[in-house]
Amino acid sequence: MRRIFSVFILLLFIVSACHEPEKAVEPKGKLFIIGGGKRPPGMVQRMVQEAGLEQDGHIVILTMASSEPDTSAFYAAKQFIDQGISHIADFRFSGDEEPSAERLDSLRSASLIYITGGDQNRFMEIVTGTSVEEAIKTCYNNGGMLAGTSAGAAVMSEKMITGNELKKSDYRETFRTIEANNIELGRGLGFLTTAIVDQHFVWRSRHNRLITAVIEHPELIGIGIDEATAILVKGNTAEVIGESQVLVYENADKSSTINEDEKLGARYLRLRVLLPGETFRLY
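Computed from a predicted model, the values in this text were never measured in an experiment. (Residues numbered from 1 in each chain as written. Predicted model: local features only at pLDDT ≥ 70, side-chain atom pairs only at ≥ 80, totals over all residues. Heavy atoms only, no water.)

Topic: the environment of Phe91
Test applied: The helix count covers DSSP runs of H or I at least four residues long, the strand count covers runs of E at least two residues long, and both are numbered beginning at the N terminus. By definition in these notes, contact holds between two residues if any of their heavy atoms fall within 4.5 Å.
Mapped onto the elements, Phe91 comes out in strand 3 (residues 88–91). Not counting the four nearest positions on each side in its chain, Phe91 is found in contact with Val60, Ile61, Leu62, Thr63, Met64, Arg103, Ser106 and Leu107.

Observations concerning helix 8 (residues 207–216)
In plain terms, the rule: Think of it in three bands: residues with accessible area under 20% of the maximum for their type are buried, residues over 50% are exposed, and the middle band is partly exposed, with areas taken using a 1.4 Å probe on protein chains only.
Helix 8 sits mainly inside the fold: seven of its ten residues count as buried. Taken as a whole, helix 8 has its buried residues at Arg209, Leu210, Ile211, Thr212, Ala213, Val214 and Ile215.

Topic: the sheet that holds strand 15 (residues 269–274)
The cut-off we apply is this: Strand pairing requires that DSSP identify at least two bridges connecting the strands. Here an axis means a line fitted to C-alpha atoms, over the contact stretch when the element is a helix, while the angle between two N-to-C directions is reported on a 0 to 180 degree scale.
Spatially, 8-9-12-15 is the arrangement adopted by the four strands of the open sheet, whose pairing is mixed. Lying at the two open borders of the sheet, with one neighbouring strand each, are strand 8 (195–199) and strand 15. Direction aside, the axes of adjacent strands within the sheet are offset by 15° on average.

Considering the pairing of strand 2 (residues 59–62)
Note the threshold: Crossover handedness is defined here as right-handed if the route from the first strand over the helix to the second strand goes clockwise, with the strands pointing away from the viewer.
Burial of strand 2 is two-sided: the residues Ile59 and Ile61 facing one way and the residues Val60 and Leu62 facing the other way are all buried. Bridging between strand 2 and strand 3 involves four bridges; their strand directions are parallel. Bridge assignment links Ile61 to a residue of strand 3, and that residue is Asp90. The β-α-β motif built from strand 2, the intervening helix 3 (residues 69–81) and the parallel element strand 3 has right-handed crossover chirality. Relative to strand 4 (residues 112–115), strand 2 is paired through four bridges, and the arrangement is parallel. Its bridge partner being in strand 4, Val60 is matched across the sheet by Ile113.

As for helix 2 (residues 41–50)
Of all the positions in helix 2, only Met43, Val44, Met47, Val48 and Glu50 are classed as buried. Looking at the packing, one finds that the buried side of helix 2 touches strand 1 (30–34), helix 3, strand 4, strand 5 (145–149), strand 10 (229–234) and strand 11 (237–242). Phi turns positive one or two residues past the end of helix 2, at Gly52, with a value near 75°.

A few points about the pattern of salt bridges
Cut-off, in case you're wondering: Any carboxyl oxygen of Asp or Glu within 4 Å of a side-chain nitrogen of Lys or Arg constitutes a salt bridge here.
Tallied over the full model, the rule gives 22 salt bridges. Two residues, Lys234 and Glu50, come together in a salt bridge whose shortest N-O distance is 3.1 Å. Taken together, the positions of Lys234 in strand 10 and Glu50 in helix 2 put the pair 184 residues apart, joining distant regions of the chain. The salt bridge partner of Arg108 is Asp105, with a shortest N-O separation of 2.7 Å.

Overview of the nonpolar core
Stated formally: The set of buried Ala, Val, Leu, Ile, Met, Phe, Trp, Tyr and Cys residues whose side-chain atoms join them within 4.5 Å is what this entry labels a nonpolar core.
Counting residues in hydrophobic clusters, the biggest one holds 47 residues, and the most contacted among them are Ile33, Leu62, Leu107, Phe123 and Phe280. Non-local contacts of Phe123, meaning those with residues more than four positions away in its chain, are made with Leu62, Met64, Ala65, Ile115, Ile136, Val155 and Leu189. Of all hydrophobic cores here, the second largest spans 21 residues; its members include Phe32, Val44, Met47 and Ala51.

Take a look at the structure:
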């Protein structure tokens, strides 16, 4: 009887193990998300250190967001050359043809992939659903760093601010109102799934559009990164680096969201204004 009971327990253990849900694999990489503007040497140095470039490795610069890729590539490379880094490649994928295996391998194995500024919509139109997007994500999952400035910052989140207002035909750097069904969100690269990023934040007073985003999407926190400032993301923690501030909006009571005649309200929005060296959690 004791032997039968032992066999039963063993079988029960095996069955339980077979049905145990798979645990999500945490990516090994880091994100360095820059709010645009100048990149102070100290901030670039921290990016180089966190990417492990002082020991070895290479950088791939992606300029597809820019309307002036030569200029973007020059200044993006210069900031790293000034730090003593020489292994730098500039890739300008078009989306019209399949990239070479060598270039895709270079993306996957990069210590740092750096996405320049420009138009985030242009960048995503080129890479969405392609082998380039897959290679970028493989790099990150395997321990590489993904960095981006301005438009290159916007693409980091799953829900991406396109910059367009659905109810206004003329583009402005900031929203004039906080109203429903006005902010246009597109698909980003998806490295941040619990947050939405805005850039040039304090300098261009982009509060209205990020407030609109977190009221209409209360499951997300809003991260407004100012110029010459970045956040370094490791797992669930983000650290402020640079010269200015990062503003974090959170809809603390999601049931308090109000929509009256298309005007949005929220009674318990939380705002944190964080300085360099401070950290916050993403979820």
